[in-house]
Amino acid sequence: MRVTFTVNHQSHTLDLEPRVLLVDVLRDHLHLTGVKIGCDTGQCGACVVLMDGVSVKSCALLGVQADGSSITTIEGVSEKGTMNPLQTAFQAAHAVQCGFCTPGMIMSLTDLLARSAQPSEAEIRAWLAGNLCRCTGYENVVRAVNAALQVAGSPAHLVTETPLRKFYDSHLRAMLAGDVDALVDAHYSADAVLTTFEGVISGRDALKTYFRDYLSVHTDLVIAATERFVEFGDSIYTETVVRSARGVTHAYNAFVVQDGRVTHQFAGVK
Amino acid sequence: MANKVFGKPIKRKEDPAFIQGAAPFVADIHLPGMAHMEILRSPHAHARIRSIDTSEAAKMPGVLKVITGHDLVGRMKPLPCVWIPGGVESHFPLHPQDIPGAGMPLQTDHVRFIGDGVAAVVAETRYQAMDALRAIRVDYEVLPAVTTPEAALAENAPQLHDSVPGNLNAYWTCGDSASTDAAIADAEVVVELDLLNQRTINSPIEPRGALATFDPVTDEFVLYASTQSPHNHRLILCYYVLNISLNKLRIIAPNVGGSFGTKGYVYPDMPLVLFMARELKRPIKWQDSRQGYMRSTVQGRDHKQRAVLAGTRDGKITALRCTSHANLGAYPSTIGPGVATAMMGRSITGPYAIPAAFCEVYAAFTNTVPLGAQRGSGRSEATFMTERLVDLFAAEIGMDPAEVRRRNFVQPGDMPYDNGLGWLYDSGDYPELLERALRQAGYADLPALKEEAKARGRRLGVGLASFVAVSGVGPSPRMAKEGMLGGTWEAASIRCEPTGDVVATIGSKPHGQSHDTVFAQIISERLGVAVDRISIRHSDTMGTPFGQGSYGSRSFSMAGPALYLTCDKILQKACLAAAHKLNASPDEMVFENGRFYVDGQMDRGITLLETTLALWYAWDIPDGVEPCLEATTFWDAPDFNYPSGAQIALVEVDPETGEVELKRFIAVSDVGVIGNPMVMEGQLHGGIVHGLGQALFEQAIYDDDGNLISDTLERYALPKAAGLPHFELDFVTSPTPHNPLGAKGAGEIGTVGATAAVGNALCDALREYGVRHIDMPFTPEKVWRAIHPHGG
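Residues numbered from 1 in each chain as written. Chains lettered and ligands numbered in written order. Predicted model: local features only at pLDDT ≥ 70, side-chain atom pairs only at ≥ 80, totals over all residues. Heavy atoms only, no water.

Let us look at the overall build of chain B. Summing up its helical and strand segments, chain B has 21 helices and 29 strands in all. For chain B, the spread of C-alpha atoms along the three principal axes comes to 90 × 75 × 50 Å. Restricting the contact set of chain B to residue pairs at least 6 apart, pairs at least 24 apart contribute 80%. With an accessible surface of roughly 26,200 Å², chain B has 51% of that area assigned to carbon and sulfur atoms. Here chain B carries 70 positive and 90 negative side-chain charges, and the mean point of each set is 4 Å from the other. (Helix = DSSP H or I, 4+ residues; strand = E, 2+ residues; numbered from the N terminus. Contact = heavy atoms within 4.5 Å. Areas by Shrake-Rupley, 256 points an atom, 1.4 Å probe, with all protein chains shown as cover. Lys, Arg positive; Asp, Glu negative; His and termini not counted. Charge placed at Lys NZ, Arg CZ, Asp CG, Glu CD.)

Structure representation (structure tokens):
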């Protein structure tokens, strides 16, 4: 069966045998081996991922059930090797011994902390009923969560939740929806400048004209994958695989984002 | 020292990779051209194989090879058992090298437990290999099965091995039977107890896996395996199973997701993937499922004990006797027989000075999964039995259980103390451990709390457990006397690099113990090098010196001293070079904060890095000193070490439902010198919960036909986060004289006392109902039935 879904912000279209488990798709097809298999029967929680933001056991789902969904694995949690406050607390509190259950724990707790800003210890322990750990006795896991809760903001944020990542996703959605007015008005400052090989476009009206022309040529536009997404200060660097009636290209873009709007964009295409 | 880190709770260096899902385990390794192996296991606990038809399976999509046991005859030898406890009588299945055998990787005519392998398939994908397993037709003649040692030893019992008459693996004893019996006959008070220390399943969260490659040009194999003893398993596989040179097999044990004893064994899948890799000239991967793990990987405990304790009316224990039937399962696992005998039998006197003691073990083969070690193995079974008896004795003479313990402890001044059963305790303060635990518990106030609980319709119980847990396997000559085939020493190398980094290689291998960090702390302390410049290499037989691996709480107290002593050698050599550079005598040199200087002249010095460079370039080094700053130590301890502890559990029972709630758990431990207290506490937390799991939830259940009923985590209950209290930990430090670190084993002591503390607490809570003993696990149903012996 042909299945399309997003994993850690990359879109994938796969031909899957209907019987193949989601965890095997993630591990064997996409090589996301941070997702672990501990029990095959939905008890241990080593395979927990987020599906549309909700923690699920990927050994208890078929790959085809992920069609149309957006999945986040442990690989989608850390950015550039930087751990979020929950992960940092796991290290500081010695909540990891053999490390096998850890990715599932992090994903499960990420869901908990998204639902509840200040869960009680009993709530934390009850939530972890679906995550077995044989090394730590859970004591330091609970301590780590409590320590993370002292951190302001979202201690278990995902890569998807950084402000620039959210901005970029919103930009992408507007682009794919073909809504040029929304794209430009909501995402570009009044005097934004777009530099392309074809010239320099500045101001919202010029940008709208540019994007309308672009979309009229690149019909059936699909962003097949975001190959690279790097944040640096107020800048984003992206490499996307763009599929359209004109064929497949790799698009490189750099955005400077200030006050939630693009002020400068540099576009290049391979 | 400015950068003093030894003994400090520093964060683990290994953590970021785990926390980000970037640390590979065997299952995570994908090699180009890799094919997948699956093993067909017997569905019957005991059967003759009449025939096997693999023809349909061989035609299935993607299938590359199907083999049965017949294809292995003459191509490999049976797995060996390398721990032969001997004793009065001992019988094993055969191995051609005149040592005990543990069965062929695949059976040809006789299967003896539900995990016994009968065929193996290799296919392009794992799903295809599993499909092909279903197409293999095996014609079995089902035989009667036997699942308990007592039944196995009975006359006319089904027989498992031709070379093992009556299914008796060993009749093993320790201590003095005659004096013990005499003391019991003369005693004022005698208490007896029959108990089952139930079979458990270790259940690390990572099941086992093995992945082999073969290079036809060099005839060399690489095996990636979830093993806690890569060096030892390499030797066993090469010498006893595959008949190849040791240097033709490299074992890499990547990150291992917990073990608790089970991954210290050579399993059939290991030689099978190696065999298939050579046959097919492709990387071959086998990855077990949870159910597969439960049906084929060694299980723990399983002693049926009949015990007698004798004493005086004023609380002095005069004799202790135990007869145990140990259930070895269908085959002797790599080191299983030693676990079932010596580790339990020699430990029964615990921390007490008991004038007469004797233990005998009948170890029998049954149609169950082979037995192996489980965290605290032997010592936990001994402690549960003895500590339950001590409480029964206290009740019998009407004395407080704490007071009975006080009157019988081996005293610190008695060290070294010979327990009469084979252990020579090194150091410890058993009275102090208990007193501290009692103070922490507020022991004197507990009767009031019991009344308060009763007023709420609940029953509060308090349980004490004092114990000694032999650790640090071990002194090789001593282990040889115990029947261990192979040296149990450890080795370590340290190389100081000209960039200022230090690389240490060790034979020991972690599976959660924090080697990368704690061993770096030892080196940092000795050499004055920052922890983040120290790299600890392990888990790959290429490039690391031999070591037995991590089990029996031995890494820190065996590999640790090897590193410590290697630092001595590094400093001795560096001192010669430094003195030469400073035109001073080596006798005048002082080493402090990573720098040598001439005694009394702080400014006349040279750093270790400068010394390393001097030895690296070797342009101007003393006569007789070799270039490069590198050293190796092979360390064999003079004797075991003996960590000890006192634990107290407070449980509350709901008599209406039989539910047992653990209210508090106090553990005061003596592990000698501690390298990293944060890691130490983590070891205790995990160890305690391992014991709580056995006490409250876990049991491997076989039906009479030998089917394992509890073969998934749906049917085998592991402890969860909910319902556990915070653990109250404290430490007493009695360094062991048996290694230069003064460190004792710590990985298991949390477990060793926990079952006894909870068992004693439960029976204390149920005292008014006349409940003398309940076998573990203390499930609500069992507790309720004990309270309501005649039903509701």
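Another aspect to go through is the overall build of chain A. Regarding its fold elements, chain A presents 8 helices and 11 strands. For chain A, the C-alpha atoms occupy an extent of roughly 60 × 45 × 25 Å along the three principal directions. Within the span of chain A, comprising 270 residues, buried residues form 57% of the whole. Long-range contacts, defined here as pairs at least 24 residues apart, represent 53% of the contacts in chain A between residues at least 6 apart. Here chain A has roughly 10,900 Å² of accessible surface; of this, 54% comes from carbon and sulfur atoms. (Buried < 20%, exposed > 50% of the residue type's maximum accessible area, 1.4 Å probe, protein only.)

Take the interface of chain A and chain B next. Between chain A and chain B, the contact holds 53 residues from the first and 56 residues from the second. A buried area of about 4,400 Å², summed over both sides, lies between chain A and chain B, and 55% of it is on carbon and sulfur atoms. Contact with chain B buries surface across chain A, with Gln91, His94 and Arg134 of chain A losing the most and accounting together for 19% of the total. Taken together, chain A and chain B are joined by 5 salt bridges. Across the pair Arg27 of chain A and Asp28 of chain B runs a salt bridge, and its minimum N-O distance is 2.7 Å. (Buried area = accessible area lost by both parts, 1.4 Å probe. Salt bridge = Lys/Arg side-chain N within 4 Å of Asp/Glu carboxyl O.)

This part is about the environment of Met680 of chain B. Residues and elements named next belong to chain B. Here Met680 shows up in helix H19 (residues 677-696). Each C-alpha atom of the pair Met680 and Gln513 lies 9.2 Å from the other, and the pair is 167 residues apart in sequence. Apart from residues no more than four positions distant in its own chain, Met680 is found in contact with Val671, Ile674, Phe731 and Ala746.

Quick look at the packing of helix H7 (residues 180-187) of chain A against helix H8 (residues 204-217) of chain A now. Residue and element names in this part refer to chain A. Running from N to C, H7 and H8 cross one another at 140°; their axes reach a closest spacing of 9 Å. Judged by the angle between their axes, H7 and H8 are oblique. The element H7 and its partner H8 pack so that their crossing is right-handed. In contact with Val180, Asp181, Leu183, Val184 and Asp185 of H7, H8 contributes Arg204, Leu207, Lys208, Phe211, Arg212 and Leu215. Among the residues forming the contact of H7 with H8, the class breakdown is 6 nonpolar, no polar and 5 charged. (Axes fitted to C-alpha atoms, helices over the stretch in contact; angles between N-to-C directions. Parallel < 35°, antiparallel > 145°, perpendicular 65-115°, else oblique. Left-handed = near helix turned anticlockwise from the far one by under 90°. Nonpolar A, V, L, I, M, F, W, Y, C, P; charged D, E, K, R; others polar.)

With that settled, the discussion passes to the packing of aromatic side chains. All names here are of chain B. Counting across every chain of the model gives 24 aromatic pairs over all chains. For the pair Trp489 and Phe634, a centre-to-centre distance of 5.7 Å together with 75° between the ring planes defines the contact as edge-to-face. On the criterion of sequence distance, the pair formed by Trp489 in the loop between helix H15 (476-481) and strand E20 (490-496) and Phe634 in strand E26 (residues 630-635) is long-range, its members being 145 residues apart. Each ring, one from Phe640 and one from Tyr642, has its centre 6.5 Å from the other, and the planes form 85°; the classification is edge-to-face. With respect to burial, Phe640 and Tyr642 carry one shared label: buried. Connected via pairs of aromatic rings, a cluster forms that spans Tyr417, Trp423, Tyr425, Tyr430, Phe640 and Tyr642. Over the face of the ring belonging to Tyr267 we find Arg208, whose NZ or CZ atom lies 3.6 Å from the ring centre. We note Arg554 situated over the ring of Tyr551; from NZ or CZ to the ring centre the distance is 5.1 Å. (Phe/Tyr/Trp six-rings, centres within 6.5 Å; stacked < 30°, edge-to-face > 60°. Lys NZ or Arg CZ within 6 Å of the ring centre and 35° of its normal.)

Attention now goes to the sheet that holds strand E2 (residues 47-53) of chain B. Residue and element names in this part refer to chain B. Spatially, the 3 strands line up as an open sheet ordered E5-E2-E7, and their pairing is antiparallel. Since the sheet does not close on itself, it has two edges, and those belong to strand E5 (110-111) and strand E7 (137-142), each with one partner. The pairing of E2 with E5 spans 2 bridges and is classified as antiparallel. Residue Ala47 lies in a different strand from E5, and its bridge partner there is Val111. (Pairing = 2+ DSSP bridges.)

On to unusual backbone geometry, then. Residues and elements named next belong to chain B. Along the chain, Met415 connects to Pro416 via a cis peptide bond; the corresponding omega equals -5°. Relative to the elements of secondary structure, Pro416 occurs in the loop between helix H12 (401-408) and strand E17 (417-418). With a phi angle near 55°, Lys281 is a residue other than glycine that sits in the positive phi range. Residue position: Lys281 is located in the loop between helix H7 (269-280) and strand E13 (284-287).

Let's shift gears to the side chain of Glu381 of chain B. Inspection of the secondary structure assignment puts Glu381 of chain B in helix H11 (residues 379-397). Beyond its immediate sequence surroundings of up to four residues, Glu381 of chain B is in contact with Asn197, Arg301, His303, Gln305, Met344 and Gly376 of chain B.

Side chains of Leu235, Tyr239 and Leu246 of chain B sit close together on the surface and give an oily, nonpolar patch of about 280 Å² of accessible area. Its location among the elements puts Leu235 of chain B in helix H6 (residues 230-242). (Patch = residues over 30% accessible without salt bridge, like charges linked within 9 Å, V, L, I, M, F, W, Y side chains within 5 Å.)

Residue and element names in this part refer to chain B. Domain boundaries assigned for chain B yield domain 1 (29-144 + 205-296) and domain 2 (489-635). For domain 1 and domain 2, the distance between their C-alpha centroids amounts to 40 Å. Taken residue by residue, the interface counts 17 residues in domain 1 and 16 residues in domain 2. When domain 1 packs against domain 2, the two sides together hide about 1,300 Å² of surface, and 52% of this comes from carbon and sulfur. The largest contributions to the domain 1 side of the interface with domain 2 come from Gln228, His231 and Arg250, which together make up 49% of the buried area. (Domains from an automatic or database assignment.)

With respect to burial, helix H5 (residues 139-149) of chain A is a largely interior element, 8 of its 11 residues being buried. Among the residues of H5 of chain A, those classed as buried are Glu139, Asn140, Val141, Val142, Ala144, Val145, Ala148 and Leu149 of chain A. Elements in contact with the buried residues of H5 of chain A: helix H2 (85-92), helix H3 (102-115) and helix H4 (121-127) of chain A together with H19 and strand E29 (727-731) of chain B.

Turning next to the sheet that holds strand E23 (residues 589-592) of chain B. Residue and element names in this part refer to chain B. Taken in spatial order, the 3 strands of this open sheet run E23-E24-E25, and their pairing is antiparallel. Edge strands, defined here as strands with exactly one partner in the open sheet, are E23 and strand E25 (601-607). The mean inter-strand angle of the sheet, taken between neighbouring strand axes irrespective of direction, is 35°. Sheet analysis places strand E24 (residues 595-598) next to E25, joined by 4 bridges and oriented antiparallel. Residue pairing for E25: Phe596 is matched across the bridge by Ile606.

Looking now at the packing of H6 of chain B against H7 of chain B. All names here are of chain B. Following both chains from N to C, one finds H6 and H7 inclined at 70°, their axes separated by 11 Å at the closest point. By the criterion of interaxial angle, the relationship of H6 to H7 is roughly perpendicular. Note that H6 runs across H7; the crossing there is right-handed. Here H6 contributes His233, Leu237, Val241 and Leu242 to the contact with H7, which in turn contributes Met270, Pro271 and Leu274. Across the contact of H6 with H7, the residue classes tally to 6 nonpolar, 1 polar and no charged.

Residues and elements named next belong to chain A. Turning to its location among the elements, Ala148 is positioned in helix H5. Relative accessible area serves as the criterion here: at 0%, Ala148 is assigned to the buried category. Residues Ala148 and Gln87, 61 residues apart in the sequence, show an inter-C-alpha distance of 8.4 Å.

The next subject is the nonpolar core. Counting residues in hydrophobic clusters, the biggest one holds 211 residues, and the most contacted among them are Phe90 of chain A together with Met37, Leu223, Phe665, Val758 and Phe778 of chain B. In terms of residue count, H11 of chain B provides more of this core than any other element does, 9 residues in total. In contact with Leu223 of chain B, other than residues within four places in its own chain, are Ala210, Leu211, Ala212, Leu237, Leu249, Arg250, Ile251, Ile252, Met270, Val273 and Leu274 of chain B. Ranked by size, the runner-up nonpolar core spans 48 residues in total, among them Met558, Ala579, Val625 and Trp635 of chain B. (Core = buried A, V, L, I, M, F, W, Y, C linked by side-chain atoms within 4.5 Å.)

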